[in-house]
Amino acid sequence: MANTFINIMTITHKAAGAISAHRLVDFAGNQAGADAQVLGVAMADADAGDDLAVLTIGRITLPAGAAIAVGDALVSDANGQPVPQGTATNVFGHALTAAANPGDPVEVLIK
């Protein structure tokens, strides 16, 4: 998957634990869990205590955590990947493209 992005705002955030690149990050500096409040997307791998670049506003291609349709409101799954909102409440963005299966690339507008 080619990781493309348009960076509107990236901030530096201290990682509280291990975070994989291109996974969602919560406000406490952890890899986001299910329906977490999402700060943005980790731009690189990080270990606890590392300074981490986090894309907070922009457009990025991520691996989907489930099938996603164009326009779906997105939340984090337990693995820090985007999934459709369903009954969750912490929407972090919307799908600009579809993903047929988990792991497929989906272009996301983070706002």
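See above for the structure.
Residues numbered from 1 in each chain as written. Predicted model: local features only at pLDDT ≥ 70, side-chain atom pairs only at ≥ 80, totals over all residues. Heavy atoms only, no water.

Caption draft 1: Local environment of the pattern of salt bridges. The tally for this structure, following the rule as stated, stands at two salt bridges. A salt bridge links Asp 51 to Lys 14, with the shortest nitrogen-to-oxygen separation between them at 3.0 Å. Placement of Asp 51 in strand 4 (residues 51–63) and of Lys 14 in strand 1 (residues 5–14) is noted, with a sequence separation of 37 residues between them. (Salt bridge = Lys/Arg side-chain N within 4 Å of Asp/Glu carboxyl O. Helix = DSSP H or I, 4+ residues; strand = E, 2+ residues; numbered from the N terminus.)

Caption draft 2: View of the environment of Leu 52. For Leu 52, the position within the fold is in strand 4. Residues Leu 52 and Val 75 lie 23 residues apart in sequence; the distance between their C-alpha atoms is 21 Å. Among residues more than four places away in sequence, those in contact with Leu 52 are Ile 11, Thr 12, His 13, Ile 19, Val 25, Ala 42, Met 43, Ala 44 and Ala 46. (Contact = heavy atoms within 4.5 Å.)

Caption draft 3: Broad picture of the environment of Ala 32. Along the chain, Ala 32 turns up in the loop between strand 2 (24–26) and strand 3 (38–42). Remark: the alpha-carbon pair of Ala 32 and Gln 81, spanning 49 residues in sequence, is separated by 8.2 Å. When neighbours within four sequence positions are excluded, Ala 32 is seen to be in contact with Leu 24, Val 25, Asp 26, Val 38, Ser 76, Asp 77, Ala 78, Asn 79 and Gly 80.

Caption draft 4: Broad picture of the environment of Asp 35. For Asp 35, the position within the fold is in the loop between strand 2 and strand 3. Under the relative-accessibility criterion, Asp 35 is labelled partly exposed at 23%. Along the backbone, Asp 35 and Thr 89 are 54 residues apart, and their C-alpha atoms lie at a distance of 6.8 Å. Apart from the residues lying within four places of it in its own chain, the contact partners of Asp 35 are Val 75, Ser 76, Ala 88, Thr 89 and Asn 90. In terms of polar contacts, Asp 35 uses its side chain to reach the backbone amide nitrogen of Thr 89, at 3.2 Å. (Buried < 20%, exposed > 50% of the residue type's maximum accessible area, 1.4 Å probe, protein only. Polar contact = N/O pair within 3.5 Å; in protein donor to acceptor, adjacent residues only side chain to side chain.)

Nothing here speaks to function; it is all geometry.
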